[in-house]
Amino acid sequence: MNLEELLKSKTSPKIDEMTNEDLRRLFMKYKGLLKERDRDKAFWAATNENLSLAYEKLDELVEELREAQEELISKQKLAIIGQLAGGVGHDLRNPIGSIKNAVYFLKMVIEDPEPDLKKTLEILEKEVTASEKIINSLLDFTHTKLPSLRNVKVNEVIKKTISKISVPEDIKIVRQLEKTFPTILADPDQLDRIFVNIILNAIQAMPEGGQLTVKSEALSQEWVAISFSDTGMGIAEENMGKLFEPLFTTKSKGIGLGLAISKNFVEAHGGTIEVQSEIEKGTTFTIKLPSDQL
């Protein structure tokens, strides 16, 4: 029986019936089959690896597409909200101004008003001031001005901002301001608006009192950070991604533009604003700004 017949045979070949040449050829045949098997394994391994890489790349492309789509939708929404807010703001400014002038006139001409009238005028004045703040927020959001940059001592801005805010007696403000905090290139008015919005949010998050820690620190030669940590109610996880969206608010008062405007101001400075929160433990807003100087 020759080698070809042995290979086709369904019975095991008898070694003693094979010649040395047949054994050599059989060995070489098996060796070739082993090499072919190894090549097949390598091929399929490479194919599987390439498929895995292709799937990963596809996932990345799908994620990039999703993010691009969300960004486009967000920009479209912002454009519509901006147009609406700008129109509403301008339309309300004149009647609110007229009411403000009327209240001022009545207070001037009525020397000794009755208690009820005096209280009504005070309420009107208070509500007009609140309405003006809303209108200014609408206009600030639609017409974010470029920061007027100059060398600023941020610690001084923080102190001035805190001093002008009416802080409830049951809320303690702790300042941890780095003494060697560098002077940075910034717009002090926009920084003040940012700090006011975040501090007021922190106060509203602590209706039963608590502590707000304001901290400034130099992170490196290029970056500084200002953080605001409260011991309030915290932010629900499902709301974390919506915090900086315009018109999003969980409060009974306000229109949800404070944080959106703050984010715009921070980004106009080339910085970032981040938030960390835990329910019933509190929230920390951290602003990072470049430490450029003139």
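Check the entry above for the structure.
Residues numbered from 1 in each chain as written. Predicted model: local features only at pLDDT ≥ 70, side-chain atom pairs only at ≥ 80, totals over all residues. Heavy atoms only, no water.

A. Summary view of the overall build of the protein chain. Each helix and strand counted, the protein chain has seven helices and seven strands in total. For the protein chain, the α and β elements follow one another from N to C terminus as α-α-α-β-α-β-β-α-β-β-α-α-β-β. Burial status across the protein chain gives 30% buried among its 294 residues. Residue pairs in contact within the protein chain that sit at least 24 positions apart in sequence constitute 72% of those at least 6 positions apart. Total accessible area computed for the protein chain in this model is approximately 20100 Å², and 54% of it derives from carbon and sulfur atoms. (Helix = DSSP H or I, 4+ residues; strand = E, 2+ residues; numbered from the N terminus. Buried < 20%, exposed > 50% of the residue type's maximum accessible area, 1.4 Å probe, protein only. Contact = heavy atoms within 4.5 Å. Areas by Shrake-Rupley, 256 points an atom, 1.4 Å probe, with all protein chains shown as cover.)

B. Molecular detail of the packing of helix 4 (residues 154-163) against helix 5 (residues 188-204). Contact geometry for helix 4 and helix 5: axes closest at 9 Å, N-to-C directions at 50 degrees. By the angle between their directions, the pair helix 4 and helix 5 is classed as oblique. Between helix 4 and helix 5 the crossing geometry is right-handed. Side by side, helix 4 and helix 5 meet where Val 154, Val 157, Ile 158, Thr 161 and Ile 162 of the first sit next to Pro 188, Leu 191, Asp 192, Phe 195, Val 196 and Ile 199 of the second. Split by residue class, the contact of helix 4 with helix 5 holds nine nonpolar, one polar and one charged. (Axes fitted to C-alpha atoms, helices over the stretch in contact; angles between N-to-C directions. Parallel < 35°, antiparallel > 145°, perpendicular 65-115°, else oblique. Left-handed = near helix turned anticlockwise from the far one by under 90°. Nonpolar A, V, L, I, M, F, W, Y, C, P; charged D, E, K, R; others polar.)

C. Quick peek at a nonpolar patch on the surface. A surface patch of nonpolar side chains, about 540 Å² in accessible area, is lined by Tyr 104, Phe 105, Leu 106, Met 108 and Val 109. The topology assignment puts Val 109 in helix 2 (residues 20-109). (Patch = residues over 30% accessible without salt bridge, like charges linked within 9 Å, V, L, I, M, F, W, Y side chains within 5 Å. Salt bridge = Lys/Arg side-chain N within 4 Å of Asp/Glu carboxyl O.)

D. The pattern of salt bridges, seen in detail. By the definition in use, this model includes six salt bridges. The shortest N-O distance in the salt bridge between Asp 192 and Lys 164 comes to 2.6 Å. Residue Asp 192 is found in helix 5, and its partner Lys 164 is found in the loop between helix 4 and strand 2 (171-177); the two are separated by 28 residues along the sequence. Across the pair Lys 263 and Glu 267 runs a salt bridge whose closest N-O atoms are separated by 2.6 Å. Of the two residues, Lys 263 and Glu 267 are both situated in helix 7 (residues 258-268); the distance of four residues between them amounts to about one turn of the helix. Overall, the relative accessible area of 43% leaves Glu 267 in the partly exposed class.

E. Main features of unusual backbone geometry. Phi at Glu 280 is positive, roughly 65 degrees, even though this residue is not glycine. Here Glu 280 shows up in the loop between strand 6 (272-278) and strand 7 (282-290).

F. Summary view of the nonpolar core. Ranked by size, the top nonpolar core spans 38 residues in total, and within it Leu 191, Phe 195, Phe 228 and Ile 287 carry the most contacts. With residues near it in sequence (within four places) discarded, Ile 287 still touches Ile 194, Phe 195, Ile 198, Val 224, Ala 225, Ile 226, Phe 228, Val 266, Thr 272 and Ile 273. (Core = buried A, V, L, I, M, F, W, Y, C linked by side-chain atoms within 4.5 Å.)

G. Spotlight on the pairing of strand 7. Counting buried residues along strand 7, seven of its nine residues qualify, which places the element largely inside the surrounding structure. Relative to strand 7, strand 5 (residues 223-230) is paired through seven bridges, and the arrangement is antiparallel. Bridge pairing in strand 7 links Ser 229 to Thr 284. Adjacent in sequence and paired antiparallel, strand 6 and strand 7 are bridged by three residues, among which Glu 280 carries a positive phi angle near 65 degrees. (Pairing = 2+ DSSP bridges.)

H. A look at the sheet that holds strand 4 (residues 210-218). Taken together, the five strands give an open sheet; going across it, the order is 2-4-5-7-6, and neighbouring strands pair in mixed fashion. Of all strands in the sheet, those bounded by a partner on one side alone are strand 2 and strand 6. Shown here is a sheet whose adjacent strand axes are inclined to one another by a mean of 10 degrees, direction ignored. In terms of strand pairing, strand 4 meets strand 5 through seven bridges, oriented antiparallel. Directly across from Val 214, in strand 5, lies its bridge partner Phe 228. Across the face of the sheet, helix 4 comes into contact with strand 2, strand 4 and strand 5 while running at roughly 170 degrees to strand 2.

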